[in-house]
Amino acid sequence: MVVLILALFGLAILVMASYGYKISAKTAEDYMLAGRTIGVVVMFFFILFAVSSSWTFYGYPGYLYLHGPTYIYFIWGSVAGFAALYMFLGPRLWAVARLNRYLSPVEVLAERYESPLLRLILSLMLLAFIVPYVGIQPLGVGLGFQALTGLPVIVGAIYTVALLVILVILGGMRIVAWVNIFLGIVYATALLGSLIWVVQKFLPGGLPEAAQTLMQTNPELLSAPGPLGRFTPAIIGGTMVVGLLAFSWPHIVIGVMTARDKVLFKWFPLLIFIFGGIFFYTLPFIWGSLVAPAVMPGVTGKEAADSIIQTIITKFLPNWFSVYVLMGVIAAAVSTAAVQLLTSSILVSRDLVQGIFKPDASDRQIIRWARFSLIGVVLLSLGVSIWNPMAMALYLTDVTIPGFAQWGPALVGGLLWKRGTRQGAIVGTLAGLVYLIAGLIYKPLFFDLHPIMPTIIVNLVLYVIVSFLTPPPSEEVQAKFFDEVEEFLAAG
Amino acid sequence: MREIIRHTPGKIFLGILFLSIAGMLFVTRYFPHKVVVFGWMTLPLVSGLVFVFVWLVAYLIYFFKFWPYK
């Protein structure tokens, strides 16, 4: 029965991917950026569920369960970071890409700084950080699969990879965005439905009863620094800053370039604040910080805490609903990994192959390269994740997010600061990257701070200083990236 | 963002956002208190909801009334 339901679920996704292939224009712009036709509602689902991976079901509530409620500061920072991307950087990135038919944000920066070397550095750096992240998603589904069906982890992982590859190869960005609506609804209803059901079944007094129970049994779970003493004010502040840097996640940045028109940037933050910040992300928070510890206290191990919601659902709710929740987890994993995979394939095909090695490649050749590369990326990701799954969890929080942040100064400066130069961008990015790698090898270099903090400060300071010490960008670049963009945005 | 810092409403808008971030960092000193609002809302949740609400109101006023590209 479980296998049949999951097969039908997979089939529904494949039908949508096939439809996407049928209606696509078979151009690179259509495949990579959905023909720049995404409207505000589709964009909202596309971005919200590109961000909300299986981590929001496992890692986030599991961490709250162990450490108390203050980890939510990462979410508050992220909400502000995503809104800032669409309010401050989005209109300019979208306009310059549309005016000049750029297909990748790395391409935008390479043209802005007139530097193929920067294009190579940024492409390789972002690929290095995104590839293992992609692999975590199928593996997460594999664990859920195993818990529910008893089948080996690899079966669920292969099922997810097969869905991903077919969805991205056939559909491209347009159908990935549209399928995210379907996947997002499945995931959100699974998360909300399970929460309501468990509260109704075990906490007749509602959430106040859960809080009251915790106040009596483990009051540290309601305050800082939490039961394990981790969340000092400095750590809470650092957690929020890490969230604020969410504007630099490459698979989110590229979403900006798919927008239909500038009106989207006026409306999009409204959905982010209300449905993302106030509604959606409070669900796993309530689950992990209140309901799970009240219903099932005493879990201490990190892995057990990560699967606390699934354990409660599997133990106390009917089997058919557990299957639906697993579908929700698969939806969360696929909706995130598909966008990451597509972003990786664009970095390979548009920025590395066409941008550096084969500038005269045609649209058909780029699309073919994108499809080949995504198979390579997904296999590599999965291989790395299976080879060393424990290191991957650390890779996500301590390496991937700080790694994504390293192109932040060049990105922001390139779009907002006329004086930012090629040399500044290269020196800042490389310095931040080298510092990050050195600090990961020799931890004291981070001075007990989150890896993102010292590395991004060094990166930013060097970007600004070197930019001031080197000749400003050409007038042609300043006109193309600032004057023409402002005229275009100001015109009706 | 360049268009936002060029006029007074934009500067006020950015100032409010900046102050709200500073406020979020300031209130962490109260988090050791085991206080729940409305019977279940912990302080990090409440402070974040207020933070998002401030950003929401500031954004609505600025982007729908003053944003040069609206």
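Fair warning: this is a prediction, and the values are worked out from it, not measured in the lab.

### A word on the environment of Val 54 of chain B
Residues and elements named next belong to chain B.
Here is step 1: Note on placement: Val 54 falls in helix H2 (residues 43-66).
Here is step 2: Expressed as a C-alpha distance, the spacing of Val 54 and Ile 16, which sit 38 residues apart in the sequence, is 8.1 Å.
Here is step 3: What Val 54 contacts, discounting residues up to four positions off in sequence, is Ile 16 and Ser 20.

### Description of empty space enclosed by the protein
Residues and elements named next belong to chain A.
Here is step 1: Overall, the coordinates contain 2 cavities of 30 Å³ or more when judged by the stated rule.
Here is step 2: There is about 60 Å³ of room inside the largest cavity.
Here is step 3: Along the walls of the largest cavity sit Ile 47, Leu 48, Val 51, Val 79, Phe 82, Ile 272, Gly 276, Gly 277 and Tyr 281, which together make up its complete lining.
Here is step 4: At the level of secondary structure, the elements contributing two or more residues to the lining of the largest cavity comprise helix H3 (40-51), helix H5 (72-100) and helix H12 (263-280).
Here is step 5: When grouped by side-chain class, the residues that make up the lining of the largest cavity number 7 nonpolar, 2 polar and no charged.
Here is step 6: Taken together, Phe 57, Leu 148, Gln 310, Ile 313, Thr 314, Ser 322, Val 325, Leu 326 and Val 329 form the lining of the second largest cavity.
Here is step 7: Examining the composition of the lining of the second largest cavity, we find that 4 residues originate from one element, helix H16 (residues 319-357), more than from any other.
Here is step 8: The residue makeup of the lining of the second largest cavity, split by class, is 6 nonpolar, 3 polar and no charged.

### Observations concerning the confidence of the model for chain A
Here is step 1: Residues with a pLDDT of 70 or more make up 98% of chain A, whose mean pLDDT is 88.
Here is step 2: Here helix H18 (residues 389-405) of chain A stands out as the least confident element of chain A, with mean pLDDT 71; helix H6 (residues 105-112) of chain A is the most confident, with 96.

### Some words on the interface of chain A and chain B
Here is step 1: Listed as interface residues are 46 residues of chain A and, on the opposing side, 38 residues of chain B.
Here is step 2: Both sides together, the interface formed by chain A and chain B hides about 3700 Å², and carbon and sulfur atoms give 77% of it.
Here is step 3: Connecting chain A to chain B are 2 salt bridges.
Here is step 4: Its salt-bridge partner being Glu 3 of chain B, residue Arg 92 of chain A comes within 3.8 Å of it at the nearest N-O pair.
Here is step 5: Among the elements of the structure, H5, helix H9 (207-217), helix H10 (233-244), H12, helix H13 (282-295), helix H19 (408-416) and helix H22 (475-490) of chain A are those that each provide at least two residues to the side of chain A that touches chain B.
Here is step 6: Of all the elements, H5 of chain A adds the most residues to the side of chain A that touches chain B, at 9 residues.
Here is step 7: Its residues assigned to classes, the side of chain A that touches chain B shows 36 nonpolar, 4 polar and 6 charged.

### Considerations on H22 of chain A
Residue and element names in this part refer to chain A.
Here is step 1: Taking 1.5 Å as the rise per residue, H22 with 16 residues should run 22 Å; its terminal C-alpha atoms sit 21 Å apart, in good agreement.
Here is step 2: At Glu 484, H22 is deflected by roughly 25°, the largest bend along its length.
Here is step 3: Those residues of H22 lying buried are Val 477, Phe 481, Phe 482, Val 485, Glu 486 and Leu 489.

### Thoughts on H12 of chain A
Think of an α-helix as turning once every 3.6 residues; residues three or four places apart then point the same way.
Here is step 1: Taking 1.5 Å as the rise per residue, H12 of chain A with 18 residues should run 26 Å; its terminal C-alpha atoms sit 24 Å apart, in good agreement.
Here is step 2: Along its length, H12 of chain A reaches its greatest deviation from straightness, about 25°, at Ile 272 of chain A.
Here is step 3: Buried within H12 of chain A we find Leu 264, Phe 265, Lys 266, Phe 268, Pro 269, Leu 270, Leu 271, Ile 272, Phe 273, Gly 276, Gly 277 and Phe 280 of chain A.
Here is step 4: Packing partners of the buried residues in H12 of chain A comprise H3, H5, helix H8 (153-202), helix H11 (250-256) and H13 of chain A together with H2 of chain B.

### Things to note about the layout of surface pockets
Here is step 1: The calculated volume of the second largest pocket comes to roughly 920 Å³.
Here is step 2: What lines the second largest pocket is a set of 26 residues, and nearest its centre among them are Ala 84, Leu 245, Phe 247 and Val 412 of chain A together with Met 1 of chain B.
Here is step 3: Listed by contribution, the elements that provide at least two residues to the lining of the second largest pocket are H5, H10, H19 and helix H21 (452-469) of chain A together with helix H1 (8-26) of chain B.
Here is step 4: Of the residues forming the lining of the second largest pocket, the biggest block, 6 residues, is contributed by H5 of chain A.
Here is step 5: Along the lines of polarity and charge, the residues of the lining of the second largest pocket split into 24 nonpolar, 1 polar and 1 charged.

Parameters and conventions
- Residues numbered from 1 in each chain as written.
- Chains lettered and ligands numbered in written order.
- Predicted model: local features only at pLDDT ≥ 70, side-chain atom pairs only at ≥ 80, totals over all residues.
- Heavy atoms only, no water.
- Helix = DSSP H or I, 4+ residues; strand = E, 2+ residues; numbered from the N terminus.
- Contact = heavy atoms within 4.5 Å.
- 1 Å grid on protein atoms, 1.4 Å probe; cavity = no way out; pocket = protein on both sides within 12 Å on 5 of 7 lines; lining within 4 Å.
- Points joined across faces, edges and corners; volume = space filled by probe spheres on them.
- Nonpolar A, V, L, I, M, F, W, Y, C, P; charged D, E, K, R; others polar.
- pLDDT = per-residue confidence, 0-100.
- Buried area = accessible area lost by both parts, 1.4 Å probe.
- Salt bridge = Lys/Arg side-chain N within 4 Å of Asp/Glu carboxyl O.
- Expected span 1.5 Å × (residues − 1).
- Bend = angle between axes of the 7 residues up to and from the residue.
- Buried < 20%, exposed > 50% of the residue type's maximum accessible area, 1.4 Å probe, protein only.

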